[in-house]
Amino acid sequence: MNKLILWIPSWFCLLALTLVGCRTKPKEMKEVKTYVIYMGGQSNMVGQGNKKYLGDSIKLSPNVKFLDYSLDVSLKKSDYKFGPEYGMSQVLTKSFPNSKFIFIKYAIGGASLLDWAPEYSKEKAEITGHPEFGDMYGKFIQKIEKEVPEEDSFPLAFLWMQGERDAVVPDAGKEYEENLDHLIRSFRRDLNAEKLPFIIGLIDPKPERYVLKDHVVHSQKMIAKELPEVFTIETSDLSKMKDQVHYDSKGQMALGRRFGHQIEKILKKKEHKIISF
């Protein structure tokens, strides 16, 4: 009789789980407490937005931890500028109010893919005129290993806003597709996330000196076709500063929201796949 009493609740539990389609989240989903978003590139990832534009109404949400290691071309940090992190924060915290995010950004204005090369060469970096930047790839990996907790965190996406420098230096730009392909594969390998989504903001400098702009944009789009989980963000309609290269405050907010919406799609798809059977 006692065995029957014990068996009946167990049977009803099993039936209930079957009827709801096993909606209980698997262990790996329960353990994810913080999503990590990596941000890399050059000046438009550093951000040229003026923080006065933000006022008191636009702030990073409490569930976002922002680690900013960006520098200008003189390797100086600005406390008065902002990048896509604010617009992205608005989107993600609205859609996922119960999730936590770490944004970790490393970018330097004027950086080429030769400065970002996983197998860094100072001689090659001199082609772009900024060997003083040093091994940017290695430095970012070190920052990530030091600052991002391995436990209870999940690498969600890598955001990339870069290419203007390569578009103005032909010796760098002509190999852009090959170099970007190698960069993505290297980050996925070294971050131990072989399917890490990579989101690329297409460059759109207007001045004529950016002679390889079309080539760089074509390379970015081709990478998105050739590699899995690589996406592009359109930027040609975003407002810019007078130099027609850098996005102004309004443009930076819009850029951030576009990154955020793409991440939103990725996260909803990921959660659906994990929960569904």
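The coordinates are above.
Peer 1: Could you give an account of the pattern of salt bridges, naming the residues involved and the relevant values?
Peer 2: Summed over all chains, the structure comprises ten salt bridges. Across the pair Asp181 and Arg185 runs a salt bridge whose closest N-O atoms are separated by 2.6 Å. Of this pair, Asp181 and Arg185 both sit in helix α9 (residues 176-190), separated by four residues, roughly a single helical turn. With a relative accessible area of 17%, Asp181 lands in the buried category. Residue Glu264 pairs with Lys268 through a salt bridge whose shortest N-O separation is 3.5 Å. Placement of both Glu264 and Lys268 in helix α11 (residues 249-275) is noted, with a separation of four residues, approximately one turn of the helix. Here the salt bridges share partners, and the residues they tie into one network are Asp204, Lys206, Lys213 and Lys240.

Peer 1: Account for the packing of aromatic side chains, with residues named and values stated.
Peer 2: A full pass over the atoms with the stated rule returns 16 aromatic pairs. Between the aromatic rings of Tyr137 and Phe187, the centroid separation amounts to 4.4 Å while the plane-to-plane angle is 45°, which identifies the pairing as tilted. Within this pair, whereas Tyr137 is found in helix α6 (residues 136-147), its partner Phe187 is found in helix α9, the two being separated by 50 residues in sequence. Like Phe187, Tyr137 is buried. What links up through ring pairs into an aromatic cluster is the set Tyr38, Tyr106, Trp116, Tyr137, Phe140, Phe158, Trp160, Phe187 and Phe198.

Peer 1: Can you explain the sheet that holds strand β3 (residues 64-68)? Please cite residues and give values.
Peer 2: Across the sheet, which stays open at both edges, the six strands sit in the order β3-β5-β1-β6-β7-β8 with parallel pairing between neighbours. Unpaired on one side and paired on the other, β3 and β8 (230-233) mark the two borders of the sheet. On average, each strand axis in the sheet is tilted by 20° relative to the strand beside it, whichever way the strands run. Sheet topology places β3 next to strand β5 (residues 100-107); five bridges connect them, and they run parallel.

Rules of the game
- Residues numbered from 1 in each chain as written.
- Predicted model: local features only at pLDDT ≥ 70, side-chain atom pairs only at ≥ 80, totals over all residues.
- Heavy atoms only, no water.
- Salt bridge = Lys/Arg side-chain N within 4 Å of Asp/Glu carboxyl O.
- Helix = DSSP H or I, 4+ residues; strand = E, 2+ residues; numbered from the N terminus.
- Buried < 20%, exposed > 50% of the residue type's maximum accessible area, 1.4 Å probe, protein only.
- Phe/Tyr/Trp six-rings, centres within 6.5 Å; stacked < 30°, edge-to-face > 60°.
- Pairing = 2+ DSSP bridges.
- Axes fitted to C-alpha atoms, helices over the stretch in contact; angles between N-to-C directions.

So, to be careful, I would describe these as geometric facts and stop short of saying anything about function.
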